[in-house]
Amino acid sequence: MHYLLKYILVSYFVSLSILSFARENRVEIPQYISTIDDTSLQKKYTLEEIKLTIDKFDTYDFVRTKNQQEDIIFYLLSESERLDYTIGIIKCKNILGVLYRDRAEYAKAIIFHESALALSGTDTMLNVYSLNNLGVVYRRLDKPRIALDYHIKALHLAEEIRGDVEFSERSVCVALNGIGNINLTLKQPQKALEVFNETLLIEQKLHNHLGIAINYQNIGYAFEAMGKYNIALTYYQKSLKQNETIDSDVGRSICYNSIGEVLLKQEKPLDALRNFNLAMVYTLKTNDDYYISQAHSNIGETYLKLNNFEKALPELLKFKKIAGRIKSGFLIQKSYKLLSQYFENTNEYDKALYLYKKAVVYNDSIISEKNIRYLNELQTLYEADKKEQQIDSLTIENRIKTQQNYFYLLGVLIILSVGILIFSIRRRKTDKQKTELESKLFRSLMNPHFIFNALASIQSFLYKNESEKAATYLGYYSKLTRLILKNSNKELITLEEEIETLKYYIEIEQMRQRNCFNYEINIDENVEQDFVYVLPTMLQPFVENAIHHGLSGLKCKNGLIKIEVTQLAGYIKIIIQDNGKGLACSLASDKSTHESMGLSIFKERIRLFERKYKKAVKFVLIDLKEKNQKLTGTMVSIDFPMIEPDD
């Protein structure tokens, strides 16, 4: 349970990193708004004066001292609202959120940060700042799943920032540190260590002493979780040195507490006590009940180890009182546990058992709270999938018997298709580079021409009284649409899912063209399709090009598309080949831009993939006539690296 406490303690360190964004240079607050009195409250300041004050307000000093004077921030907030200065409103609300968070008033902190986030609109930097702040608050509340959501969103946005590189990199560090700390709580210290080492390199490059101190401390936590106490001590001491450099009382307090906890585990209670007392000296200089309660907890636990029960009890009672006041489930649980140990040692077994049971209840509630979000997500996904299966089952079992039912389903299908188009348009308006690319790909796959061709084919089957074919075609189309929707937000899918999507697409085109071409899909038996990952709908544009351009003009039944997949050392090779008129002829006769757009989208997706995963994708487009004058057709060869989704 010590690691849960450490995970929450790190929230403070991470919050320091967030706040340091607001102070590029230490400056004095302008005298005209440095204090609030009756005279200053009656004066109305200009927008430039308000901007200057907010931008130069030393947030770090403000929220880390007992003289916090939040009335200044509330005044700046009201003036920003009067002047309709949105950025000022957002900054002030985030400052107030940090202030309340560090007083352990988490409900108020969340209200201010969420309000700031709602006002941030499309401003990426303000969004990142608010999201990371919310992540820190929820980690303090021991809700890692919610915290993880916020940090992941902040991480994705921070990586897209192009203008302010330093802000981007420091925001990435804050988000990564949050993710690493969550790994610690989930008892994955090795993964946490990898994240912290990555972040440390960035902070060292930026010469950010605060960030370096945070990462040394985090690395120490990871090694302590792995039972490597001596290495952990080394990193805690490195962190302490950095905190001395930046003169951080909070940092000193956390470091001395960490050093003391390791010494306590090494059965050195007197040395531990000296460090805990030093931690208490620095903690009392802060205004944060959370860390004050932790110092009392550690001192009380040490006195228990020393069998000095007379001194242990007052410390433990102070710890319990503060824990109850700030309503931290974890701290309350720990206070009951330590008091239970005290009464057990003083032979008051009834009290010890009672408090132990209360500790168990709180512990169970914490664990339950962590899993509630995850379970709800699983249940939602399960119910959605179950409904889809029911729809598919009813479509197959009932078989539409009348013309009216067919047209009814066609109407539903039209609504679904229009919904897909509206969805893609909204995504294009709100998302950045990557989402815009996914939207282009989606529209190229589900373009109106394809949709209305599908509807026309179904209508044709109906008019010819080929109801079985219409039902089959409709089933293929529904499954293809569902798969494209399902995979549209995924970065990688399994080869098995990609081949399944591709088969439905080819079957639809084959039925629409009355089986005028054939196809073969050959996958080497050594390829484990459910463990090989590729980009979603990576192959469909090339197959579509082969059908609509390469095979056009051939006599019916003569066209053939072959798809072969083999696995080589470190990558899979995918070959798509047709026996059509060849690349040169296709480009000469085709006046549309569909082919070039599909190829452009593919190349851009590969570029983004290579930039993220640092692995190359080899892609070759060949006119077979150039290789052998006796051959016709086009061959696409793709060498795709073996990779895991979380690489």
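Everything discussed here concerns the structure shown above.
Further remarks concern the overall build of the chain. When helices and strands are counted, the chain shows 28 helices and 7 strands. A total of 647 residues make up the chain; the buried ones form 50% of that total. The contacts of the chain with a sequence gap of at least 6 include a subset with a gap of at least 24, amounting to 67%. Accessible area for the chain stands at about 31100 Å²; split by element, carbon and sulfur atoms hold 54% of it.

So, on to a nonpolar patch on the surface. On the surface, a cluster of nonpolar side chains totalling about 270 Å² of accessible area is made up of Leu 353, Tyr 356 and Val 360. Examined against the element boundaries, Tyr 356 turns out to sit in helix 19 (residues 349-398). Among the residues examined, Tyr 356 registers a relative accessible area of 47% and is labelled partly exposed.

Taking 1.5 Å per residue as the helical rise, helix 13 (residues 229-246) with its 18 residues ought to reach 26 Å, and the 26 Å between its terminal C-alpha atoms agrees with that figure. Within helix 13, burial applies to Ala 232, Leu 233, Tyr 235, Tyr 236, Ser 239, Leu 240, Gln 242 and Asn 243. Just downstream of helix 13, Asp 247 is the residue with a positive phi angle, here 55 degrees.

Let us now look at the sheet that holds strand 5 (residues 571-578). The strand order 2-4-5-7-6 describes an open sheet built from 5 strands, whose pairing is mixed. What marks the edges here is a single partner per strand, and that holds for strand 2 (517-523) and strand 6 (618-623). Strand-to-strand twist of the sheet, defined as the mean angle between neighbouring strand axes without regard to direction, takes the value 10 degrees. Seen against the sheet, helix 24 (residues 495-512) touches strand 2 and strand 4 (559-568) and runs at an angle of roughly 170 degrees to strand 2.

Turning to the environment of Leu 338, a few remarks are in order. Positionally, Leu 338 belongs in helix 18 (residues 329-345). For Leu 338, a relative accessible area of 2% corresponds to the buried category. Setting aside chain neighbours within four positions, we find Leu 338 in contact with Ser 297, Glu 301, Leu 304, Leu 316 and Phe 319.

Attention now goes to a negative patch on the surface. Side chains of Glu 496, Glu 500, Glu 528 and Asp 530 sit close together on the surface and give a patch of like negative charge. One can find Asp 530 in the loop between strand 2 and strand 3 (533-534).

Unusually for a residue other than glycine, Asp 84 sits at a positive phi of about 55 degrees. If you trace the backbone, Asp 84 turns up in the loop between helix 5 (70-82) and helix 6 (86-101). Overall, Asp 84 belongs to the exposed group, its relative accessible area being 61%. A positive phi angle, close to 55 degrees, is found at Asp 247, a residue other than glycine.

About the criteria used
- Residues numbered from 1 in each chain as written.
- Predicted model: local features only at pLDDT ≥ 70, side-chain atom pairs only at ≥ 80, totals over all residues.
- Heavy atoms only, no water.
- Helix = DSSP H or I, 4+ residues; strand = E, 2+ residues; numbered from the N terminus.
- Buried < 20%, exposed > 50% of the residue type's maximum accessible area, 1.4 Å probe, protein only.
- Contact = heavy atoms within 4.5 Å.
- Areas by Shrake-Rupley, 256 points an atom, 1.4 Å probe, with all protein chains shown as cover.
- Patch = residues over 30% accessible without salt bridge, like charges linked within 9 Å, V, L, I, M, F, W, Y side chains within 5 Å.
- Salt bridge = Lys/Arg side-chain N within 4 Å of Asp/Glu carboxyl O.
- Expected span 1.5 Å × (residues − 1).
- Pairing = 2+ DSSP bridges.
- Axes fitted to C-alpha atoms, helices over the stretch in contact; angles between N-to-C directions.
- Lys, Arg positive; Asp, Glu negative; His and termini not counted.
- Charge placed at Lys NZ, Arg CZ, Asp CG, Glu CD.

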